[in-house]
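# Descriptive analysis of the structure
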Amino acid sequence: MGSNAAGKPPAASSWEFRATGPRNLSSPGWRDLIRSSWRDPNYRRIAMSCFVQVAYLLELDRQESRAGEDALAPSWWKPFRYKLVRPLIDSRDGSIYGALLEWDQVAALSDLIVVKPQGAPKAVLALRGTLLKQQTVVRDLEDDLRLFAWDSLRGSVRFTGALEVLKSAIDKHGSSNVCVAGHSLGAGFALQVGKTLAKDGTFVECHLFNPPSVSLGMGLRKIQEKADKVLKRYISSSSSSSASGGPGEEPQVASEIGEEKLIKEVKTWVPNLYINSCDYICCFYADRSGVATVTAEKHSGVQHSKLYLIAKGPNKFLEAHGLQQWWSDDSELHLAVNDSKLMYRRLKSLYVQQ
């Protein structure tokens, strides 16, 4: 659902880090031992978006036979003192759809950084979105359609691969030291693997850039939920009229207990969403005014996600869906006060038996 350029990728030279990367990025140094840049949410967002760009460029480097000094991808992880541990390869077409990066202590020592700065993750799994290139478009669009039709990516080999790599990183470093990030379709995979781990009680930091918010499956599920509620009310009222008191009230009490349990579970995992309201692929996480839609249920005070909205940024679709805006110095973001009702529904679907 949209590549970094939401279409045909630009010339290779335009993706050189020094040409299109963040302009005012502070270089790591010994001062990070005292006051870590990783504690700054803006720095963290920039770093995560650059790591996702690595996933795009690894595939473009592969397709265009760039290696060694000619490869573009390494220049996007080296400034942060990370290293590539493993590319994620789609067994269907051989394309690279993600990258596992780890903190590079050897490179950090050259900047007199003797230990990892506080807040810097030990490992990051980065997942790209759709690349409309001949070698990748078929499988990328196949997963796009899978997500649109079923509101799920579980059937994809990329989901299985990403989940295995993320679990391996967690076993090695611990869940508190691992992050997952993705853009567009990659954000869909990042959300899916994050939810899967959360269901088992493992919580990893998650960054979702322009995550898809439109799916036929979600719409059909919403209709089904409304129909189920109407049916339950009818059954409950019928039971109440035939027998006054207790038995007719039990389903409602059980439902409330289950809802309270759900609230406690969901709020333990809070993904970070980065939304441009001019991007019609992700804009439904917020309303048309650019404000997060409030969950209109009794638990509306519970935060289910951190929703960052572009206050000043690109307003044409191709740029609004692009990844570059999230490391751009020209973009202005604000954290939405209200929670995203759509994200609540997506998390709710994890904990409620379908």
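Residues numbered from 1 in each chain as written. Predicted model: local features only at pLDDT ≥ 70, side-chain atom pairs only at ≥ 80, totals over all residues. Heavy atoms only, no water.

The protein chain appears in an unreviewed UniProt entry as Fungal lipase-type domain-containing protein from Urochloa decumbens.

## Things to note about the pairing of strand E4 (residues 178-183)
Our working rule: Burial here depends on accessible area, computed with a 1.4 Å probe over protein chains only, as a share of the maximum for the residue type. Under 20% is buried, over 50% is exposed, and the range in between is partly exposed. Runs of H or I in DSSP of at least four residues are treated as helices and runs of E of at least two as strands, each being numbered from the N terminus. One bridge is not enough; two strands pair if DSSP finds at least two bridges between them.
Most of E4 is tucked away: six of the six residues are buried. Where burial is concerned, the two faces of E4 agree: the one with Val178, Val180 and Gly182 and the one with Cys179, Ala181 and His183 are both buried. Taken together, the five bridges between strand E3 (residues 123-127) and E4 define a ladder with parallel strand orientation. Looking at E4, one finds that Val124 is bridged to Cys179. As defined by bridge partners, E4 adjoins strand E5 (residues 205-209) across five bridges and the pair is classed as parallel.

## Considerations on the packing of helix H6 (residues 157-173) against helix H7 (residues 185-199)
To keep it simple, the criterion reads: Helix axes use the C-alpha atoms of the stretch in contact, all axes being lines fitted to C-alpha atoms, and the angles between their N-to-C directions lie in the range 0 to 180 degrees. Here the angle decides the label: under 35 degrees means roughly parallel, over 145 means roughly antiparallel, 65 to 115 means roughly perpendicular, and every other value means oblique. Helix crossings are classified by the rotation of the near helix relative to the far one: an anticlockwise turn of less than a right angle makes the crossing left-handed, while a clockwise turn makes it right-handed. In what follows, residue pairs with any heavy atoms lying within 4.5 Å of each other are defined as contacts.
The contact between H6 and H7 brings their axes to 10 Å, and the two run at 55°. Classified by the angle their axes make, H6 and H7 are oblique. Between H6 and H7 lies a crossing whose hand is right-handed. Here H6 contributes Arg158, Phe159, Ala162, Leu163, Leu166, Lys167 and Ile170 to the contact with H7, which in turn contributes Leu185, Phe189, Gln192, Val193, Thr196 and Leu197.

## Some remarks on the sheet that holds strand E6 (residues 272-275)
The strand order across the open sheet built from eight strands is E1-E2-E3-E4-E5-E6-E7-E8, with neighbouring strands paired in mixed fashion. What marks the edges here is a single partner per strand, and that holds for strand E1 (82-89) and strand E8 (332-335). Within the sheet, the average angular offset between the axes of one strand and its neighbour, ignoring direction, is 20°. Pairing between E1 and strand E2 (residues 96-103): seven bridges, direction antiparallel. Note on E2: the bridge partner recorded for Leu88 is Gly98. Lying on the sheet, helix H2 (residues 41-63) is in contact with E1, E2, E3, E4, E5, E6 and E8; it crosses E2 at an angle near 130°. Along the sheet face, H7 touches E3, E4 and E5 and points at about 145° away from the line of E4.

## Description of H7
Definition in use: Helix span is expected to be 1.5 Å times the residue number reduced by one.
When the terminal C-alpha atoms of H7 are compared, their 21 Å separation across 15 residues agrees well with the 21 Å that a helix rising 1.5 Å per residue should span. With 14 of 15 residues buried, H7 is to be regarded as a mostly interior element. Note on H7: the residue one or two positions beyond its end, Gly201, has a positive phi of about 85°.

## What to know about unusual backbone geometry
Phi at Ser65 takes a positive value of approximately 55°, unusual for a residue other than glycine. With respect to the helices, strands and loops of the structure, Ser65 is situated in the loop between H2 and helix H3 (74-77). Classification of Ser65 as exposed rests on a relative accessible area of 66%. With a phi close to 65°, Arg81 is a non-glycine residue in the positive phi region. By secondary structure assignment, the location of Arg81 is in the loop between H3 and E1. For Arg81, a relative accessible area of 15% translates into the label buried.

## Some words on the pattern of salt bridges
We count it as follows: A carboxyl oxygen of Asp or Glu within 4 Å of a side-chain nitrogen of Lys or Arg is what we treat as a salt bridge.
Tallying each qualifying case throughout the model produces 18 salt bridges. A salt bridge links Glu142 to Arg146, with the shortest nitrogen-to-oxygen separation between them at 3.3 Å. Here Glu142 pairs with Arg146, and both are found in helix H5 (residues 137-150), just four residues apart, close to one helical turn. One salt-bridge network, in which partners are shared between bridges, spans Asp90, Arg92, Arg128, Arg139, Asp140, Glu142, Asp143, Arg146 and Arg158.

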